[in-house]
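Coordinate analysis (summary)
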Amino acid sequence: MSDQRTLSMSGLAAMPDDDDSLSPLMLLRPYWRVTLAAFLGWFLDAFDQVALLLCLPDIGKSLGVGLTAMGLVITAQSVGRILGNTSWGWLSDRYGRKLTFMIGVLWFAAFSGFTALVWTYLGMLVVQFLFGIGFGGEWTASASLLMESVPPRARSLASSIMMAGYECGFFAAAAVQAVVLPYWGWRAMFLIGVIPAILAIFIRRDVAESPVWLRLRSMPPVPAAIRPRMGFSLDGAAIQALLFMAVLQFQNAAIYSFYPTLLRKVQNLTPAEVFPLLGCYCLGSLVGKPLCGLLATRMGERTVFVTYFLITIMDIWPFISATSMWVLAGAALVMGLFGNSVFALVPHYLSQRFPSANRSLGMGCSYAVAALGQGVCGFVVPWLGGQWGLPQAIESSVVIGTFMVAAVIFYQPPTLPGRHMEGEESIAP
């Protein structure tokens, strides 16, 4: 019998235990395989995406285009993520979280490798658009799989551990670029991105399908006449999820998308000098995300969001504009610890706002809107940079984005369709 006990004796999916005597960490231990798979999927996604951000000046020089044109490459990737999040969310609801997760991993690994072979600007736009499709599909399936596999009281912690994979991937990409970029160039960075294909083997052999999805498969289908036209009901909770992800991703992209470029072009740092600052940012996020999940379990998500947003606004000026390396490093650590760590709560936050039958589609659409927010940021920040300078463009975008997302979270939906999942009635607190 597997650790996750995905099948009960009756043949239906068994729900995970939620023993009140155990801490969230202890509850999560039997589900380490699915937690590790979700963490690694996001780690490898991040490595490939951050490789693009770190290499923007080098790719632009190689292809003969400027920063604004390279910002449109980020936008093209974001548009691909919109398609990947929505279409693969539907596939995940129909054919299973596990299968979609595996295909997403193989897809984005392949197009990371193809990026290394691109020799024209148009080719870069096309390949990064296709990479974005896999990037979006992998997250949608793995987040749904994880939230539906672990006990209710462990979901905030599982969510934060999964999302901490991004910081680990960010840090790994920063470390690799410090060594690889000066000697082998930007193409070598993307060849390394083919490695994630190995994760598909682990998913296939050691990760069980979502027990919630298996349980739903055993139930009679919903008649087409009463099925929501969009695939999910566009109620207050769903609208909040969509708006939340759009403005949060805009704010977060403003923090990190052009940060490596700013350090190299405005602060005049070498790739080797950039690495310690990125390392501080990643270290802060790596510590901050699990901490954020634990604090949300005790204090509530809204309190944690507001506290973290206030610290983000106070930290943005030294993070971007300080002249001392020590101040820059400290501000990067704080920004990772607070500014970026709120993303730890995203899978749990979204999973509560959609019912199980179309959770993956709803979460996918939410992340698709997030990709749109990132795409807008990829255009707005360099455009404002041309008017005011890049530091001021980043700072103003972060402040505006933070106030917008704070406004969204203060809305309280009448109901949360996904607060309790199928089979949890006997264990729900």
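Everything below is about the structure shown above.
Residues numbered from 1 in each chain as written. Predicted model: local features only at pLDDT ≥ 70, side-chain atom pairs only at ≥ 80, totals over all residues. Heavy atoms only, no water.

**A word on the packing of aromatic side chains**
Put simply, the test is: Pairs were defined over the aromatic rings of Phe, Tyr and Trp, the Trp ring being its six-membered one, requiring ring centres within 6.5 Å. Orientation was assigned from the angle between planes: stacked under 30 degrees, edge-to-face over 60, tilted for the rest. Helical segments are the DSSP runs of H or I of at least four residues, strand segments are the runs of E of at least two, and each set is numbered from the N terminus. Any Lys NZ or Arg CZ found within 6 Å of a ring centre and within 35 degrees of that ring's normal is scored as a charge over the ring.
Applying the stated rule across the entire model yields 12 aromatic pairs. Relative to Phe 305, the ring of Phe 244 has its centre 5.6 Å away and its plane inclined at 65°; by these criteria the two rings are edge-to-face. Of this pair, Phe 244 sits in helix α11 (residues 236-256) while Phe 305 sits in helix α14 (residues 301-321), placing them 61 residues apart in sequence. The ring of Trp 119 has Arg 187 sitting right over it, with the charged end atom 3.5 Å from the ring centre. The side chain of Arg 353 reaches across the aromatic face of Tyr 349, ending 3.7 Å from its centre.

**Details of α14**
The cut-off we apply is this: One less than the number of residues in a helix, times 1.5 Å, gives the span that helix is expected to have. The contact criterion used is simple: two residues touch if any of their non-hydrogen atoms lie within 4.5 Å.
Taking 1.5 Å as the rise per residue, α14 with 21 residues should run 30 Å; its terminal C-alpha atoms sit 30 Å apart, in good agreement. On its buried side, α14 packs onto α11, α12 (259-265), α13 (271-299), α15 (325-339), α16 (346-351) and α18 (390-409).

**Overview of the pattern of salt bridges**
To keep things clear, this is the line we draw: Criterion for a salt bridge: a side-chain nitrogen of Lys or Arg within 4 Å of a carboxyl oxygen of Asp or Glu. Each residue is placed in one exposure class: buried if its accessible area under a 1.4 Å probe, protein chains only, is under 20% of its type's maximum, exposed if it is over 50%, and partly exposed if it falls in between.
Applying the stated criterion across every chain yields a total of 4 salt bridges. The shortest N-O distance in the salt bridge between Asp 93 and Arg 97 comes to 2.5 Å. For the pair formed by Asp 93 and Arg 97, the shared burial category is buried. The shortest N-O distance in the salt bridge between Glu 148 and Arg 359 comes to 2.9 Å. One end of the pair, Glu 148, is in helix α6 (residues 121-149); the other, Arg 359, is in helix α17 (residues 359-388), with 211 residues separating them in the sequence. The buried category is assigned to Glu 148, whose relative accessible area is 0%.

**Looking at the side chain of Ser 160**
Following the sequence through the fold, Ser 160 ends up in helix α7 (residues 155-184). Classification of Ser 160 as buried rests on a relative accessible area of 0%. For Ser 160, the residues in contact, after removing those within four places along its chain, are Lys 289, Pro 290, Gly 293 and Ala 344.

**Brief notes about the environment of Gly 193**
Tracing the sequence through the fold places Gly 193 in the loop between α8 (186-192) and α9 (199-206). Taking the C-alpha atoms as reference points, Gly 193 and Phe 114, separated by 79 residues in sequence, lie 9.7 Å from one another. Gly 193 has contacts with Asp 48, Ala 109 and Ser 112, leaving out every residue within four places of it along the chain.

**Focus on the nonpolar core**
As a reminder, the rule being used: Only buried residues count toward a nonpolar core. Its members are Ala, Val, Leu, Ile, Met, Phe, Trp, Tyr and Cys residues joined through side-chain atoms within 4.5 Å. Where each domain starts and ends comes from a domain assignment, either automatic or drawn from a database.
Judged by nonpolar contacts, the single largest core of 118 residues is most densely connected at Ile 59, Trp 139, Phe 244, Tyr 281, Phe 319, Val 346 and Tyr 367. In terms of residue count, the dominant contributor to this core is helix α2 (residues 32-54) (12 residues). Per-domain counts for this core show at least three residues from each of domain 1 (28-214) and domain 2 (236-410). Every residue in contact with Val 346, bar those within four places of it in the chain, is listed here: Trp 139, Ser 159, Phe 244, Met 245, Leu 248 and Tyr 367.

**Some details on a nonpolar patch on the surface**
The criterion, for reference: Patch definition: residues with relative accessible area over 30% and no salt bridge; like charges joined within 9 Å; nonpolar side chains (Val, Leu, Ile, Met, Phe, Trp, Tyr) joined within 5 Å. Under the convention used here, a 1.4 Å probe and the Shrake-Rupley method define accessible areas, while residue burial counts only the protein chains that appear.
Among the surface-exposed residues, Trp 90, Tyr 95, Leu 99 and Ile 103 lie close enough to one another that they form a single nonpolar patch of about 400 Å² accessible area. When contributions to the nonpolar patch are tallied by element, the ones reaching two or more residues are α4 (67-95) and α5 (97-115). Locating Tyr 95 in the fold gives a position in helix α4. When its relative accessible area of 46% is taken as the criterion, Tyr 95 is described as partly exposed.

**Some details on the packing of α4 against α17**
Quick reminder of the rule: Angles shown run from 0 to 180 degrees and are taken between the N-to-C directions of axes, each axis being a line fitted to C-alpha atoms and, for helices, limited to the stretch in contact. In what follows, roughly perpendicular refers to angles from 65 to 115 degrees, roughly parallel to angles under 35, roughly antiparallel to angles over 145, and oblique to any angle outside these ranges. For this classification, the nonpolar set comprises Ala, Val, Leu, Ile, Met, Phe, Trp, Tyr, Cys and Pro, the charged set comprises Asp, Glu, Lys and Arg, and every other residue, Gly included, is treated as polar.
At a closest axis distance of 7 Å, the pairing of α4 and α17 adopts a crossing angle of 175°. Relative to α17, α4 is oriented roughly antiparallel. When grouped by side-chain class, the residues that make up the contact of α4 with α17 number 11 nonpolar, 13 polar and 3 charged.

**Examining α7**
For α7, with 30 residues, the first-to-last C-alpha span of 42 Å sits near the 44 Å given by 1.5 Å per residue. By the criterion of burial, α7 is predominantly enclosed, with 22 of the 30 residues buried. Just downstream of α7 lies Gly 185, where phi reads positive at about 85°.

**Quick notes on empty space enclosed by the protein**
Inclusion rule: Buriedness of a pocket was judged along seven lines, with at least five required to meet protein on both sides within 12 Å; pockets are open sets of points on a 1 Å grid over the protein atoms alone, cavities are sets where a 1.4 Å probe fits but cannot get out, and lining residues have an atom within 4 Å of a point. Grid points are joined across faces, edges and corners, and a volume is the space filled by probe spheres set on the points.
Within this structure, the stated rule accounts for 2 cavities of 30 Å³ or more. Here the largest cavity defines a volume of roughly 100 Å³. Lining the largest cavity are 14 residues, and of these Trp 42, Tyr 166, Asn 252, Phe 343 and Tyr 367 sit closest to its centre. For the lining of the largest cavity, the secondary structure elements donating two or more residues are α2, α7 and α11. Its residues placed into classes, the lining of the largest cavity shows 7 nonpolar, 4 polar and 3 charged.

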